[in-house]
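# Analysis of the macromolecular model
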Amino acid sequence: MLQRTALTSDAIRARFSAAMSAMYREEVPAYGALLDLVAEVNAETLAERADLRERLVATDELARISDERHGAIRLGTAAELAMMRRVFAVMGMVPVGYYDLTEANVPVHSTAFRPVGAESLRRNPFRVFTSLLRMELIADEGLRAEAEAVLGRRQIFTPAAVALVERAEAEGGLSEADADRFVAEVLETFRWHDKAIVTAELYEKLHDAHRLVADVVSFRGPHINHLTPRTLDIDKVQARMPLRGIAPKAVVEGPPTRACPILLRQTSFKALDEAVAFRHGGGWVPGQHTARFGEIEQRGIALTPKGRALYDHLLTETRKIVRPAADGSNAADYTDALERTFAAFPDDWEAIRVQGLGYFAWSLTDAAQPGQGELTVDEALARGMIRPDPVVYEDFLPVSAAGIFQSNLGDGAQQEFAASPNQRRFEADLGAEVLNEFHHYAGIEAATLRACLNALI
Ligand code: OOG
Ligand code: NI
């Protein structure tokens, strides 16, 4: 019987995340060095910060952090995106959020596949930022047709992977043996291929349209382009990266250093120049491609729409004062401006909660006792019976994502693309609606609060 031997989708995701990490570590040694550095800094931070450790224990988050990471892929067609959704569903990952990267002159739009339930996130929070190329933004019609023909011919999933997805859908899960085969087969889709499926001439034309177009169209599959471990102190990792022979980008993306971290801070090291081979008659010619990089991130509290609006406003204000130059020449000025501007964002949990800027999950304290009757939040708090803990932001930041994209596309002038939010088109290609992350976080807050207040009645 399947039920007896079936692996949970959470277990399949955990195995897949581990397999992906092992593969990438082998393919990109600097990623391994970064993992070691992050582990070292996380251990130090936990040893130094008893308050942080206590909060992570209270929210059952400590265990997941050493295993926590996200990856990113870029797909070429609607059919690839729709199939990818089914693959991730087997691993308990659903599309959350919509990101229109055309706002940053990158011709893709994206979602993040990730687990959403509290227990699933505790078990393994692996996420994959997944972009779809927006072919219609390629101005040259002839080139677009050529690219579409190339993409139409490729098959990014192995037949066995497709068969196992169908089995999982039909039977509601996979046996342990099938799950292991599924992990191995799906890994093939994310593997790096140094043999391109296009000629050097076509690659150049695609590259001229946009470097990302060349990256998506020229290869057999959507190689994982980075894997990002989660650190508890991104400033420390950034400072130590050069000591490990890794050159980070000039500034950390996102909010400044704070006592109460909000949203997401990220930094990366520049993409590698890698040797590839292009088709040439019946043989190959050598060439170069730049796509794969490393990144780290620190996660903070999920913000409400009000908090997010304040964050966006302060970031815009900062960038009016100084825009970080790609070469890092004004990094100190930028950091300074960021810190000064963000002084307007309250930096203690109580103020963030009372002003409705962030989402909190509620739990009962040791002092909690039933028989209180129907209490308000403030009454329950005053009696010391409930406690709020910040809900971790599990998603991404378009502006940050754009910064990461740009830093890996080279510093040259970017082509202009018209920004036109196109979420419905994306969802039609995906074959499903994406979950609204704000609704999701609000639901967590409301449900945990209701459960606490009910328990006190
Ligand atoms: C994805 C970039 C977005 C992040 O962490 O914001 C991303 C890509 O380069 O394909 O991964
Ligand atoms: Ni990333």
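Read on for a plain summary of the structure. (Residues numbered from 1 in each chain as written. Chains lettered and ligands numbered in written order. Predicted model: local features only at pLDDT ≥ 70, side-chain atom pairs only at ≥ 80, totals over all residues. Heavy atoms only, no water.)

### With respect to helix H9 (residues 159-171)
Here H9 is 13 residues long and its end C-alpha atoms lie 18 Å apart, about the 18 Å a rise of 1.5 Å per residue gives. Those residues of H9 that sit buried are Ala-161, Leu-164, Val-165 and Ala-168. Down the axis, H9 shows its buried residues gathered within 105° of arc, on one side only. The exposed set on the far side of H9, more than 90 degrees from its buried face, consists of Pro-159 and Ala-170. Of the surrounding secondary structure, the elements contacted by the buried residues of H9 are helix H6 (78-90), strand S6 (174-175) and helix H10 (176-190). Positioned one or two residues after H9, Gly-172 has a phi angle of 75°, which is positive. (Helix = DSSP H or I, 4+ residues; strand = E, 2+ residues; numbered from the N terminus. Expected span 1.5 Å × (residues − 1). Buried < 20%, exposed > 50% of the residue type's maximum accessible area, 1.4 Å probe, protein only. Arc of directions from axis to C-beta. Contact = heavy atoms within 4.5 Å.)

### Remarks on the nonpolar core
Looking at soluble globular proteins, one finds that nonpolar side chains tend to be buried together. Among the nonpolar cores identified, the biggest contains 58 residues, and Tyr-311 and Phe-345 are the most heavily contacted of them. Here this core gets 5 residues from one element, more than from any other, and that element is helix H12 (residues 211-217). Counting only domains with at least three residues in this core, you end up with domain 1 (9-297 + 394-421) and domain 2 (303-346). Aside from chain neighbours lying at most four places away, what touches Phe-345 is Arg-258, Ile-262, Leu-303, Gly-307, Leu-310, Tyr-311, Leu-314, Ile-352 and Leu-357. Residues Leu-7, Val-38, Ile-246 and Phe-269 belong to the second largest nonpolar core, which totals 54 residues. (Core = buried A, V, L, I, M, F, W, Y, C linked by side-chain atoms within 4.5 Å. Domains from an automatic or database assignment.)

### Re the site of ligand 1
His-70, Arg-74, Asn-225, His-226 and Gln-266 are the nearest of the 11 residues found near ligand 1. A distance of 3.0 Å separates an oxygen atom of ligand 1 from a polar atom in the side chain of His-70. Within the contact set of ligand 1, an oxygen atom lies 2.7 Å away from a side-chain nitrogen or oxygen of Arg-74. Calculation on ligand 1 without its partners gives an accessible area of 320 Å², and the protein chains cover 100% of this total. Taken together, the elements giving at least two residues each to the shell around ligand 1 come down to strand S2 (69-75) and helix H18 (398-407). Among the elements that line the shell around ligand 1, the one with the most residues is S2, at 3 residues. Looking at the shell around ligand 1 residue by residue, the classes come out as 5 nonpolar, 4 polar and 2 charged. (Near = heavy atom within 4 Å. Polar contact = N/O pair within 3.5 Å; in protein donor to acceptor, adjacent residues only side chain to side chain. Areas by Shrake-Rupley, 256 points an atom, 1.4 Å probe, with all protein chains shown as cover. Nonpolar A, V, L, I, M, F, W, Y, C, P; charged D, E, K, R; others polar.)

### Structural notes on unusual backbone geometry
Of note, Asp-60 is a non-glycine position whose phi angle comes to about 60°, a positive value. With respect to the secondary-structure elements, Asp-60 resides in the loop between helix H4 (50-58) and helix H5 (62-65). Looking at Asp-60, the relative accessible area reads 46%, which means it is partly exposed. We note that Leu-263 has phi near 50°; this positive angle belongs to a residue other than glycine. By the secondary structure assignment, Leu-263 is in the loop between helix H13 (234-240) and strand S9 (264-269).

### Things to note about the coordination of the nickel ion (ligand 2)
Protein coordination at the nickel ion (ligand 2): the donors are His-70 (NE2), His-226 (NE2) and Glu-295 (OE), at 2.1 Å from the metal. Written as a sequence motif, the donor arrangement for the nickel ion (ligand 2) is H-x155-H-x68-E. With His-226 in strand S8 (residues 226-229) and Glu-295 in strand S12 (residues 294-299), this residue pair connects regions lying 69 residues apart in the sequence. (Donors = N, O, S within 2.8 Å, 3.2 Å for Na, K, Ca; no water.)

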